[in-house]
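# Coordinates in review
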Amino acid sequence: MEGLLAGNEDAVRQLYARYARPIFTLGLRLLGSAEAAEELTQDVFLAAWRKAARFDPARGRLSTWLMTIAHNLAVDRLRRDTGVTKPHLVLVDEVPETLSADEDEPLMERDAAIRALESLSDAEKRLLARAYFGGLTAREIAQDDGIPLGTVKTRLRTALIKVRRANEDKEWP
Amino acid sequence: MAVTCLGVRELLPELAIGVLAPAERDEVERHLRWCAGCRKEASELGQAAATFAFALAPVPVPNGLGEKIVERVRHVAGRPGTPRRARTTAASIVAAMVAVASLGWAAAMAGRAERFEDRANRAEQQGAEALETFVRAIQNVVPPGQDLPEEQFHLGPLAPTAEGQGGGGAVLQLVSPNFLDFSMVIVNGLGPQAANNLPYRVQLLNAAGQVLRAGRITELDADGGAEVFHQFANKDLSGYSTVQVLDADGVVVLTGGIERNPSGP
C-alpha cells in the first residue's frame, strides 16, 4: 500500500494484475457494458490510490476493501444514471456453483468465495443476489415478496453471517 | 433518526450490500467512526458481501487497460518527469497529515473545547492547534532543503463567521512549480446543528474573485470535524489565498486566508 500511496507504478501494476479482473467482472455484471466496466475499473484504482492512506488492514482485507470501493462506485453510478435504485441483473445464475474448466488461473479469492457461498441455501443465495447484484433494498424486496420488512432484514443478516463464518477459516490476502 | 448501536446494527447488512439509502448510510457511517463494536461487525459483513463479487466467473479485461490505469495514477501522483522520491514525499506528507488529523486531533480538541467558555477563544485555539498539526507533520516528513521546499507550503487558520455554527479549522496548500498543487482543509467543532446543513463545500478565492472548488464535506465526525483534500491537475493555486467553507444553503460558515508557511515565525 505504501507503493500505491506513492504512485509507485510497480505497486499499481501488482494490484492491477491481482484484482483488475474481478473488479472489471463486477463492473460488467452491474453496469452492463464493457465500456462502463472499464471506466469503473479505472475509477476504482484511482480511488484506491487516493484513499490508500486510510486503508487499515486491521479493519479488513485489501481484496474486500477494493471490491467494496468497486461495488459502491458502481451502485452510485447506477443511482446517478437512473435516479433510483433499479434491478439490473438476474440473479442466481450470477453465483456460479463450480469453477469452470477453462479458467487457467482461477483466483484464490474465487475458489474461497465459491466454497463460502456453498454454506447458503438457494433461497439465501437468491436473496443476497437480488440485493447485491440487483440493487434492491430490503424494503423493495419485502414489497415484492409480500413479506414483512423485518423478515427480509433478518434473512439478509443471517445469510451474511453464514458466509462470514464460512470465510473465517480461509486464508485470503 | 436516533443512532444507537441497536439501530445501526439493524442497518449493517444493507450497508454491507451497498443498498442503504444515502441519508441512512451517512448516519451509520458517522456512528461507525467512533463505535468500534459496530465497526467490527460492519467490516465482517462487508467482507461477506464482497464474497459475491469474487464468486463471479471472471471475464478478460480489455487490452491496454492496465497501462491506462498506471498512466492515470501517474498523472495524479505527479507530473511526468517528476522524480519518484519527491512524489513519494508529497504523498507521505498528505498521509501523515490525514493520519494525525483523523487519529488524534479531533479527540484532543473535543476535550479541549470543554475548557473554553468563549466561542471565539475556542475557535482560535482550534485553528492554532490545526496549524501546529500541519507544521509538525511537514517538519517530520520533509527536512529543510529536500525535494519539497517549505516555502511551497502555505498555511492559514479558518475562523467561524457570524452566520456559522462555531468551530474552526485550518488550511494547507501546496503551490509548487514542479508538483500538482493541492489544498487540504481541516475543520472541527462545528455545532450540533451542523450535520443538518450537510453537504459543506470548500472553495478557494483569489483577489479577482475567481472561485475554485476544493472539495465537499458530506459527513462530520462526532466532534463536528472533517478533512478535505483536493489536488488540482490543471490549476495553479498561486493567488488563491482565501478559503471559505459553505453549508448546503450557500452560507459561509468558516473563512480564512493563507498567512504563512511552516518555516515562518
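For the structure, check the block above.
So, a few notes on the structure that sits alongside this text. This one's a predicted model, so the numbers in the text were calculated from it and none came from an experiment. (Residues numbered from 1 in each chain as written. Chains lettered and ligands numbered in written order. Predicted model: local features only at pLDDT ≥ 70, side-chain atom pairs only at ≥ 80, totals over all residues. Heavy atoms only, no water.)

## A word on the pattern of salt bridges
All names here are of chain B. This is how it is decided: Think of a salt bridge as a Lys or Arg side-chain nitrogen and an Asp or Glu carboxyl oxygen that are within 4 Å of each other. Strands here are runs of E lasting at least two residues and helices are runs of H or I lasting at least four, both read from the DSSP assignment and numbered beginning at the N terminus. Throughout, exposure labels follow a simple rule: accessible area from a 1.4 Å probe, protein chains only, divided by the maximum for the residue type, with under 20% read as buried, over 50% as exposed, and the rest as partly exposed.
Scanning the model with the defined rule gives 13 salt bridges over all chains in all. Residue R9 is joined to E41 by a salt bridge in which the shortest nitrogen-to-oxygen separation is 3.4 Å. Of this pair, R9 sits in helix α1 (residues 5–17) while E41 sits in helix α3 (residues 36–55), placing them 32 residues apart in sequence. In this structure R9 comes out as partly exposed when scored by relative accessible area, which is 28%. Judged by relative accessible area, which is 11%, E41 ranks as buried.

## Some details on the interface of chain A and chain B
What counts, and what does not: Whether two residues are in contact is decided by their heavy atoms: any pair within 4.5 Å suffices. Two parts placed together each lose some accessible area under a 1.4 Å probe, and the buried area is that loss summed for both. Polar contacts, as counted here, are pairs of nitrogen or oxygen atoms within 3.5 Å of one another; within protein the pair requires one atom able to donate a hydrogen and one able to accept it, and residues that are adjacent in sequence qualify only if both atoms are side-chain atoms. Only Asp, Glu, Lys and Arg are considered charged in this grouping, and only Ala, Val, Leu, Ile, Met, Phe, Trp, Tyr, Cys and Pro are considered nonpolar; every other residue, Gly among them, is considered polar.
Listed per partner, the contact involves 68 residues of chain A and 52 residues of chain B. Taken together, the two surfaces of chain A and chain B that pack against each other cover about 5700 Å², and 65% of this comes from carbon and sulfur. Taken as a group, Y16(A), R157(A) and L160(A) account for 11% of the area that chain A buries against chain B, more than any other trio of residues on that side. The residue R13(A) makes a salt bridge to E67(B) at a minimum N-O spacing of 3.0 Å. The interface formed by chain A and chain B includes 12 residue pairs in polar contact (both at pLDDT 80 or more). Looking at the side of chain A that touches chain B, the elements that each hand over two or more residues are α2 (9–31), α3 (34–51), α4 (62–82), α5 (108–117), α6 (122–132) and α8 (149–167) of chain A. For the side of chain A that touches chain B, the element with the most residues is α2(A), which contributes 13 residues. Considered class by class, the residues forming the side of chain A that touches chain B number 35 nonpolar, 13 polar and 20 charged.

## Remarks on the nonpolar core
Under the convention used in this document: The nonpolar core is taken to be a set of buried Ala, Val, Leu, Ile, Met, Phe, Trp, Tyr and Cys residues, with the residues joined through side-chain atoms within 4.5 Å.
Grouped together as the largest cluster of nonpolar side chains are 77 residues, with contacts concentrated most on L26(A), M67(A), Y132(A) and I17(B). Dropping the residues within four chain positions of it, Y132(A) is found in contact with L26(A), L30(A), M67(A), H71(A), I17(B), A49(B), A50(B), F52(B) and A53(B). With 24 residues, the next largest nonpolar core counts V171(B), V202(B), V243(B) and V253(B) among its residues.

Geometry only, nothing functional implied.
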